[in-house]
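# Topology and contacts: notes
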Amino acid sequence: MQLFSCAACGQPVHFDNRSCVRCGHRLAFVPETLSMEALDPAGDPLWTLVSKPDHQVRFCANEVNDICNWAVPAGSETPFCPACNHNRLVPDTSTQDGIEQWRRLSQAQRHLFYSMLRFNLPHPNRDADPQGGLVFDFLVDEIAADGSVIPAMTGHDEGLIAIRAAEADDVTREQVRANMNEPYRTMLGHFRHEVGHFIWNKLVRDAGRLEAFRAAFGDEREDYGEALKRNYEEGPKPGWQEIYISSYASVHPWEDFAECFAHYLHIVDTLETAHAFGIAIEPEGHEDMATEVAFDPYRARSAQRLVNAWVPLSVALNSMQRSMGEADLYPFVLTPAVVEKLQFIHDLVHGKIPANSDLNAPAPVSNNQAFQPQAAE
């Protein structure tokens, strides 16, 4: 994530800020320019950009209740920003718990869409693509007749992404993480993983890149239900650590792709943050671990370059976490096999894998997955 500046006073501002702490100007993220902008009022509901006085915007309709801080063009036909425009079912804003859940969900969703926009990834909604457009349902848990909680399922089905809203609560999410013996579980991780399935639909299956995908991840025509059942009954594949980014990635090629896509975004976005802050790792006596992110990670020439910078940085971050008595921030190992898969993701999002290269291949299996309790991202 970039580090931004207030156009009115030069104060550093961050992606989630609503106002400048120095001069008090309202702030909004403008997705068309991928920038945080200071605003001057121009008559409700319009605002003028301080940096471009002739440019007017208005806030996303979900600015109400402090849900969203993105702007839309003054003449936009939709009241919602490019992130919120994909929402169908949202938490109940008549309750404070619902508002807090939605704020946290929206924060993660906007971080996801920042990367989607940076990479110019496809994200048609259901108006543009009624059968496979991207849409989000934030689902509440059900209460059984005996008073027990029936957790909502997180999952993906042809562009429909369901997220369990209760996991926006740190306590609930930590309980699930511990119960499933996961090293890492975040709301942003859920968004990035599930959108990975959507990206597979659009950039692999529908674009005729299945043969290239199978060479990297394996044959997705393997029965998904059986693979999932086997994983829950027998555990991950033996020796999965050498081939997969996580144990859940070993379930099925679809999950392997989604996990690698999520981790690719984790790495790129965190490296951009390190780049913005000028972070360099120079451990005295351990020069082989030195690194500096002296490049734009969103424009890196290869996944290997990202990994070369990421490994020393993540080791340092993990060490600092341990010094604070916390678990590792990034408890994963990037083996050569995993790096090759990350290279496929890199080439895919940068348009380096020819589309329509195997249109004569057998008909692909639809990525229609029953919603399941989501494992680690």
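Summary of the structure given here. The structure presented is a predicted model; accordingly, all values stated were derived computationally and were not measured. (Residues numbered from 1 in each chain as written. Predicted model: local features only at pLDDT ≥ 70, side-chain atom pairs only at ≥ 80, totals over all residues. Heavy atoms only, no water.)

## Examining the packing of aromatic side chains
The final tally for this structure, using the stated rule, is 26 aromatic pairs. Ring centres 5.5 Å apart and planes at 45° place the aromatic pair phenylalanine 136 and phenylalanine 191 in the tilted group. Of this pair, phenylalanine 136 sits in strand E9 (residues 135-139) while phenylalanine 191 sits in helix H3 (residues 187-205), and the two are 55 residues apart along the sequence. Overall, the relative accessible area of 0% leaves phenylalanine 136 in the buried class. By relative accessible area, phenylalanine 191 is classed as buried at 0%. In this structure an aromatic cluster arises from ring pairing among Phe4, Phe15, Phe29, Trp70, Tyr114, Phe119, Tyr264 and Tyr298. (Phe/Tyr/Trp six-rings, centres within 6.5 Å; stacked < 30°, edge-to-face > 60°. Helix = DSSP H or I, 4+ residues; strand = E, 2+ residues; numbered from the N terminus. Buried < 20%, exposed > 50% of the residue type's maximum accessible area, 1.4 Å probe, protein only.)

## A few points about the sheet that holds E9
Picture the strands of a sheet paired through backbone hydrogen bonds; they go either parallel or antiparallel. Judged by pairing direction, the sheet is mixed, and its four strands sit side by side in the order E8-E9-E13-E12 without closing on themselves. Lying at the two open borders of the sheet, with one neighbouring strand each, are strand E8 (87-89) and strand E12 (155-157). Averaged over all adjacent pairs, the angle separating strand axes in this sheet is 25°, with direction ignored. Where E9 meets strand E13 (residues 160-164), five bridges bridge the pair, whose relative direction is parallel. (Pairing = 2+ DSSP bridges. Axes fitted to C-alpha atoms, helices over the stretch in contact; angles between N-to-C directions.)

## Notes on the pattern of salt bridges
Taken as a whole, this structure holds 24 salt bridges when the rule is applied. Residue aspartate 206 pairs with arginine 205 through a salt bridge whose shortest N-O separation is 2.7 Å. In this structure aspartate 206 comes out as partly exposed when scored by relative accessible area, which is 43%. The network of salt bridges with shared partners includes Glu211, Arg214, Asp219, Glu220 and Arg221. (Salt bridge = Lys/Arg side-chain N within 4 Å of Asp/Glu carboxyl O.)

## Let's talk about the environment of leucine 329
Locating leucine 329 in the fold gives a position in the loop between helix H7 (303-323) and helix H8 (336-349). Classification of leucine 329 by relative accessible area gives partly exposed; the value is 42%. Once the C-alpha coordinates of leucine 329 and glutamate 282 are considered, the two residues, 47 residues apart in sequence, prove to be 20 Å apart. Excluding anything up to four places from it in sequence, leucine 329 contacts Tyr184, Leu317, Asn318 and Gln321. (Contact = heavy atoms within 4.5 Å.)

## Structural notes on the sheet that holds strand E4 (residues 35-41)
As summarised here, the arrangement of the five strands in space is E3-E4-E5-E6-E7, forming an open sheet in which the pairing is antiparallel. Each of the sheet's edge strands pairs with one partner strand only, and the pair in question is strand E3 (26-30) and strand E7 (71-73). Across the sheet, the mean angle separating the axes of adjacent strands is 50° when strand polarity is ignored. In this sheet, strand E6 (residues 56-59) lies alongside strand E5 (residues 46-49) in antiparallel orientation, the contact comprising three bridges. When the bridges of E6 are listed, tryptophan 47 appears paired with valine 57.

Taken by themselves, the reported measurements are silent on function.
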